[in-house]
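# Coordinates in review
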Amino acid sequence: MLLALLRFPFPASMAARAITRASLLSLSTPSSTIVFSPSTLFSTPKPNIFASSSSSFLGNKFHSLFGDGYVRVLGPIVGGRGGAGSVWAARRDYRKLRRRALAKSKEKELQLNVTICLEEELPDDPEILSIAELLRLNVPMAIKLAFDGFKDSTYKTRDTSLTDIGGFESIELSVLLCNDEFIRKLNKEWRDEDHATDVLSMSQHVPELDLPVLMMGDIVISVETAARQAEERGHTLLDEIRILLVHGLLHLLGFDHEISEEAETEMEKAEEQLLKILGWKGKGLIQSAYDADTAENYPTENPDGRKKVGSLRFYKPKFSYIFCDMDGTLLNSRSKISLSNAKAIKEAVSRGVKVVIATGKARPGAINILKTVDLAGKDGIISVNSPGVFLQGLLVYGRQGQEIFRSNLDPSVSREACLFSLEHKVPLVAFAQDRCLTLFGDPLVDSLHAVYQEPKAEVMPSVDHLLAAAEIQKIIFLDTAERVATTLRPHWSEATENRANVVQAVPDMLEIVPLGTSKGNGVKLLLDHLGATAKEIMAIGDGENDVEMLELASLGIALSNGSEKSKGVANVIGPSNDEDGVADAIYRYAF
């Protein structure tokens, strides 16, 4: 079995997040070795693919395990500028670095050790795994053909210290596939540039050291950036990664397009030549950069740091569950779900995150709204067979949509509320599981159905008829925001003391719910039912009825349009519900 440690030159400051032992991915192809002389290649299918994990970097040495598991500690980093330890970045942000020269010349067979690695934060995406499989064969062949092609070349600007490789017993190279976040950290640490590039080349060749091993170095490729470029340039992700591989390999072989215009022209020609010999599609990276015109016309990342639409496939979820409120959160001020929010939810679900609705709405109302953006039903996030928290946590449904909790309002409180409604002509709606009941018709009552998609309210002929119709979980008074704040809330806070709670999800509605219940309690009950913990969830809300849920979650996000109470307990305050706050939270924090 071939085991490996990545040999990237991480500084001591990154000790807690550097690369440590790679764990072997389950692949059907056995490991083998590629052996070649400067003129002949003898091949048996070879290198393994590894998934690396973030851990400590020990001192300033490159650690690698090759062959049958023995440890080989390679030479120390010689600075980070020029010679050994040099770093090249692809695209417009190239680093001008000088190479060194000379190695022994001796004709003999060489063993080529190539390690293909997947950074731990990359998910097990089938396309990425397939590409990594292909690279097992592509990379050794590219190295072989590059050495053969450039052995007697007349490139004036190329550093020729790696032309004569006959004095080495073996050659070592690693290729790491990662996401933008990982390569961004490398750029920041090694190039003092806080942004992602598509490829980095890290030379570890030290000509002055008389070693039997040629340590070519490491090539780091961001598959996230590669995927964007592939789409923009009209070819496949595999094509783009191969192009980046060629560019990175040429840097390790002594090409540096930044030292002069002639050097750039020669490296561009070398890219074209090697791609043609290999039979790989696409133009070289330098030519592609020309075609892209300017950096301003070639955006690579959002300036605010949030992950891009469509990029979540390159990140593992940080949370197993996202609990999301609806009114004032997922829904905008017109009680609609934006296409951006819907797309972000669908993409999160496609990456394995379970999105659970936690709302003050009745379940039928939530289903009706989510149907409009294809998020309800068997393949959506809500249905009569899915988990969810409704009516402020008074009704909780678990696996297969089974009811696991119900809390009913004190009948005496319900009666007093109904009598108050009739006496003061304040519209009231009583929620009884999937039904809405009221005592008289009113435009505000009708708006609950027309605007908020709640079940159409049934008008009961009397208080007794309403109370006898069904068990009531909560009652809502509807009025102007001013009257709710100045009249209704003070009155019912005092009248229901020690018998019920008074909460608000929106300014023009006052809700009376059973004592001691909350949306947060409902979420906790559901988590216990599902065998999950609060550490596994991210919660998004806006109202004071979301406070307990935001406090419970590992990461609580309140939208900027929310109440001061919700923003006061949240870990993060995001954009408003009219600015696609839910989508922003998912792209920025969920992965």
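Remember, it's a predicted structure, so these values are computed and weren't measured experimentally. (Residues numbered from 1 in each chain as written. Predicted model: local features only at pLDDT ≥ 70, side-chain atom pairs only at ≥ 80, totals over all residues. Heavy atoms only, no water.)

Below, the discussion takes up the overall build of the protein. When helices and strands are counted, the protein shows 17 helices and 27 strands. Per-residue burial for the protein yields a buried fraction of 56% across its 591 residues. Long-range contacts, defined as pairs at least 24 residues apart, comprise 69% of the intrachain contacts of the protein with a sequence gap of at least 6. When the accessible surface of the protein is summed, it comes to about 23,800 Å², and 51% of that surface belongs to carbon and sulfur atoms. (Helix = DSSP H or I, 4+ residues; strand = E, 2+ residues; numbered from the N terminus. Buried < 20%, exposed > 50% of the residue type's maximum accessible area, 1.4 Å probe, protein only. Contact = heavy atoms within 4.5 Å. Areas by Shrake-Rupley, 256 points an atom, 1.4 Å probe, with all protein chains shown as cover.)

The next thing to look at is the pattern of salt bridges. A full pass over the atoms with the stated rule returns 24 salt bridges. Among the ionic pairs, Arg 136 bridges to Glu 133, the shortest N-O distance being 3.0 Å. Placement of both Arg 136 and Glu 133 in helix α1 (residues 126-150) is noted, with a separation of 3 residues, approximately one turn of the helix. Arg 136 sits in the buried class, given a relative accessible area of 5%. Between Arg 233 and Glu 240 there is a salt bridge, and its shortest N-O distance comes to 2.9 Å. Accessibility expressed as a relative area gives 22% for Arg 233, which makes it partly exposed. Residue Glu 240 is classed as buried on the basis of its relative accessible area of 0%. A single salt-bridge network, built from bridges that share partners, covers Asp 125, Glu 127, Arg 313 and Arg 351. (Salt bridge = Lys/Arg side-chain N within 4 Å of Asp/Glu carboxyl O.)

Counted at 1.5 Å a residue, the expected span for helix α8 (residues 339-350) with its 12 residues is 16 Å, and the 16 Å between its end C-alpha atoms agrees. Asn 341, Ala 342, Ala 344, Ile 345, Glu 347 and Ala 348 are the residues of α8 that are buried. Against α7 (326-330), β15 (354-357) and α17 (581-589) lie the buried residues of α8. Following α8 by one or two positions, Gly 352 has its phi on the positive side, about 100°. (Expected span 1.5 Å × (residues − 1).)

Here the focus is the pairing of strand β10 (residues 110-119). The element β10 is extensively covered by neighbouring structure, given that 9 of its 10 residues are classed as buried. Bridge count between β10 and strand β11 (residues 170-178): 8 bridges; the pairing is parallel. For Thr 115, the partnering residue across the bridge sits in β11 and is Ser 174. Considered for its hand, the β-α-β crossover made up of β10, α1 and β11 is left-handed. (Pairing = 2+ DSSP bridges. Right-handed = clockwise from strand over helix to strand, strands pointing away.)

In terms of nonpolar packing, the biggest core is built from 109 residues, with Leu 177, Met 216, Leu 249, Leu 370 and Ile 586 touching the most fellow members. Sequence-distant contacts of Met 216, that is, excluding residues within four places in its chain, are made with Ile 143, Phe 147, Ile 171, Glu 172, Leu 173, Met 202, Ser 203, Gln 204, His 205, Leu 249, Leu 252 and Leu 253. With 24 residues, the next largest nonpolar core counts Leu 437, Val 463, Ile 472 and Val 484 among its residues. (Core = buried A, V, L, I, M, F, W, Y, C linked by side-chain atoms within 4.5 Å.)

Before going further, it helps to examine the environment of Asp 159. Following the sequence through the fold, Asp 159 ends up in the loop between α1 and β11. For Asp 159 and Phe 255, which are 96 residues apart along the polypeptide, the C-alpha to C-alpha distance reads 6.5 Å.

Turning to the packing of α8 against α17, a few remarks are in order. Across the interface, α8 lies against α17 with an axial gap of 7 Å and an inter-helix angle of 30°. For the element pair α8 and α17, the recorded crossing hand is left-handed. In this structure, α8 contributes Ser 340, Asn 341, Lys 343, Ala 344, Ile 345, Glu 347 and Ala 348 to the contact, and α17 contributes Gly 581, Val 582, Ala 583, Ile 586 and Tyr 587. Grouping the amino acids of the contact of α8 with α17 by side-chain chemistry returns 7 nonpolar, 3 polar and 2 charged. (Axes fitted to C-alpha atoms, helices over the stretch in contact; angles between N-to-C directions. Left-handed = near helix turned anticlockwise from the far one by under 90°. Nonpolar A, V, L, I, M, F, W, Y, C, P; charged D, E, K, R; others polar.)

Before going further, it helps to examine the packing of aromatic side chains. For the structure on display, the rule yields 6 aromatic pairs. Measuring from ring centre to ring centre gives 5.1 Å for Tyr 155 and Phe 255, while their planes differ by 80°; the resulting arrangement is edge-to-face. Highlighted residues: Tyr 155 in the loop between α1 and β11 and Phe 255 in the loop between α4 (237-252) and α5 (261-278), separated in sequence by 100 residues. With respect to class, Tyr 155 is no different from Phe 255; both count as buried. (Phe/Tyr/Trp six-rings, centres within 6.5 Å; stacked < 30°, edge-to-face > 60°.)

With that settled, consider the pairing of strand β25 (residues 537-541). Of all 5 residues in β25, 5 are buried, a share of seventy percent or more. With burial as the criterion, each face of β25 is covered, one bearing Ile 537, Ala 539 and Gly 541 and the other bearing Met 538 and Ile 540. Across 4 bridges, the pairing between strand β14 (residues 321-324) and β25 is parallel. Among the inter-strand pairings, Ile 322 is bridged to a residue of β25, identified as Met 538. Bridge count between β25 and strand β26 (residues 555-559): 4 bridges; the pairing is parallel. Its bridge partner lying in β26, Ile 540 is registered against Ile 557. Once the chain exits β25 it traverses helix α15 (residues 547-552) before rejoining the sheet at β26, and the crossover so formed is right-handed.

Structurally, Ser 288 can be placed in helix α6 (residues 285-291). For Ser 288 and Glu 268, which are 20 residues apart along the polypeptide, the C-alpha to C-alpha distance reads 10.0 Å. If near-sequence neighbours (up to four positions away) are discounted, Ser 288 is found in contact with Arg 233 and Lys 283.

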